[in-house]
Amino acid sequence: MPNTFFIFVLVLTFAKQTISFVDDCFNCPNSTLKYNKPLSYSVYDPGWSLINNGALEVWFRTGMKNAMVVYEDDGGKGEFFDVFLVGGKIRMRMQVGYCNIEKRVINGSFNDLKWHKLVIRKEKKNTTLSVDSIAAEPIQCSSQLDSMTALYTGHLSIFVRESSNSWTFPSSLWQSINNVFQGCIKDIQYVEDGVITRPHLRATVGTERGCSNPCQSLKCRHGGRCVDRILTAWCNCEGTGYQGKRCARVIKNRSTKPPTTKSLTTKKITYKVKDPNKIPLLQKEREVSAINSRIKNIGVHHGRCMDLWAVATATVLGMAINT
């Protein structure tokens, strides 16, 4: 029971801080925000209208494979769209008018820590998703509503609406809580007939202004290279001979002694026998082979024909006896 009460107090405290933040930031200007907390989100007013021709433009930068980028709906009446990073790809789901939910996916690795431009463009019945000018197949359906409630980025907080039933597509709510965006979002704007409108930032929680590079505060030494991960940074010390957070510690070389090996000794075996029949067979074969190589191609000696095999055998026997 005490644990439940403690959690309840924490939830109420967080909700109170959120509501207070909403009131304080009602007229905040649109700017670049870094989403660097576990439950970061922002709410923009007014929402983007899907009934007129125009476009919604959003720039984002992240290293997360799965995260919510934007969401908008009509407050539970039946129309919505959301954009998520799913495995590094961009996925949009949309339901407008009397059409069923449509889904579009743009393949790629958009979690590469680079800035990417997301555009949702409405032209009559066609709504087209594109990222960095790579466009998906249009969704053909017309909206019946003049405006949406608000535009959400980061994730959908349960504290900004009275109940989960007020979300047109509650699945987006729960998916966003499990896949909170961490990174940077900037330059949210609506374009209609060449006129650019920037929505006001009504609320933001767990964010900070700008998209500062953490490498500015992390100085790598001895030629180390700082790797920017948006929210964190680390020094790559490879090839410098140093190690540690800032490549400041020398890597000590370990002296290695060559492995010791036991010396091998060989014994020379000499056979002293008078009986040639007791000479080991292998030694006989070697000596006969050597003699044959000497007298090869010799068949005549002082004009007389000689039995070479007899000469070879006699020589072997003589060597054995004299040994």
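The structure presented is a predicted model; accordingly, all values stated were derived computationally and were not measured. (Residues numbered from 1 in each chain as written. Predicted model: local features only at pLDDT ≥ 70, side-chain atom pairs only at ≥ 80, totals over all residues. Heavy atoms only, no water.)

1. Side note on the UniProt feature "domain: EGF-like" (unreviewed entry) in the protein
UniProt records the feature "domain: EGF-like" (unreviewed entry) for residues 212-248 in the present numbering. Strand forms 27% of residues 212-248 and helix 0%; the C-alpha atoms that close the span are 24 Å apart. (UniProt positions renumbered as here; feature names shortened; annotations may be inferred. Helix = DSSP H or I, 4+ residues; strand = E, 2+ residues; numbered from the N terminus.)

2. As for the pairing of strand β9 (residues 126-131)
Relative to β9, strand β8 (residues 116-123) runs antiparallel, the two sharing 6 bridges. Bridge pairing links Arg121 to Thr128 in β9. Taken together, β8 and the strand that follows it, β9, pair antiparallel across an intervening segment of 2 residues, in which Lys124 is found at a positive phi of about 55°. The pairing of β9 with strand β11 (residues 139-140) spans 2 bridges and is classified as antiparallel. Considered in β11, the bridge of Thr127 is made with Ile139. (Pairing = 2+ DSSP bridges.)

3. A word on helix α2 (residues 170-178)
Among all positions in α2, only Ser172, Leu173 and Ser176 are buried. With its buried residues spanning 105° around the axis, α2 presents them on a single face. Where the residues of α2 are buried, they touch β4 (67-73), β5 (80-86) and β6 (89-95). (Buried < 20%, exposed > 50% of the residue type's maximum accessible area, 1.4 Å probe, protein only. Arc of directions from axis to C-beta. Contact = heavy atoms within 4.5 Å.)

4. Remarks on the nonpolar core
Grouped together as the largest cluster of nonpolar side chains are 34 residues, with contacts concentrated most on Leu56, Phe60, Phe81, Ile90 and Leu118. Sorting the residues of this core by element identifies β1 (33-35), β3 (54-62), β4, β5, β6, β8, β9 and β13 (183-192) as the ones contributing at least two each. Beyond its immediate stretch of four places on either side in the chain, Leu118 contacts Leu56, Glu57, Val58, Phe60, Val69, Val70, Val83, Ile90, Leu129, Ser130 and Val131. With 14 residues, the next largest nonpolar core counts Phe80, Phe84, Leu156 and Leu173 among its residues. (Core = buried A, V, L, I, M, F, W, Y, C linked by side-chain atoms within 4.5 Å.)

5. Some words on the sheet that holds β4
If you trace the 7 strands from one edge of the open sheet to the other, you get β7-β6-β5-β4-β12-β2-β15, paired in antiparallel fashion. This sheet does not close on itself; its edge strands, each paired only once, are β7 (102-106) and β15 (200-205). Here the strands of the sheet are splayed against their neighbours by 15° on average, with no regard to which way each runs. Alignment of β4 against strand β12 (residues 151-153), held across 3 bridges, turns out to be antiparallel. Within β12, the residue paired with Val70 across the bridge is Thr153. Against the sheet, α2 engages β4, β5 and β6, with an angle of about 30° to β5. (Axes fitted to C-alpha atoms, helices over the stretch in contact; angles between N-to-C directions.)

6. A word on the pattern of salt bridges
Throughout the structure, instances matching the rule amount to 6 salt bridges. Between Glu57 and Lys117 there is a salt bridge, with its nearest N and O atoms 3.8 Å apart. Taken together, the positions of Glu57 in strand β3 and Lys117 in strand β8 put the pair 60 residues apart, joining distant regions of the chain. Arg104 is the salt-bridge partner of Glu102, the closest N and O atoms lying 3.4 Å from each other. What makes Glu102 partly exposed here is its relative accessible area of 31%. (Salt bridge = Lys/Arg side-chain N within 4 Å of Asp/Glu carboxyl O.)

7. Things to note about the state of the cysteines
Two cysteines joined by a covalent bond between their sulfur atoms form a disulfide. On inspection of all chains with the given rule, the structure shows 5 disulfides. Each disulfide pairs two cysteine sulfurs, and for Cys99 the partner residue is Cys141, the sulfurs being separated by 1.6 Å. Looking down the S-S bond of the Cys99 and Cys141 bridge, the torsion is 95°, so its handedness is right-handed. Placement of the pair is Cys99 in the loop between β6 and β7 and Cys141 in the loop between β11 and β12, with a sequence separation of 42 residues. Given the relative accessible area of 6%, Cys141 is considered buried. Across the disulfide, Cys184 is cross-linked to Cys211 (sulfur-sulfur distance 2.0 Å). Judged by the sign of its S-S torsion, about 85°, the cystine formed by Cys184 and Cys211 is right-handed. (Disulfide = S-S within 2.5 Å.)

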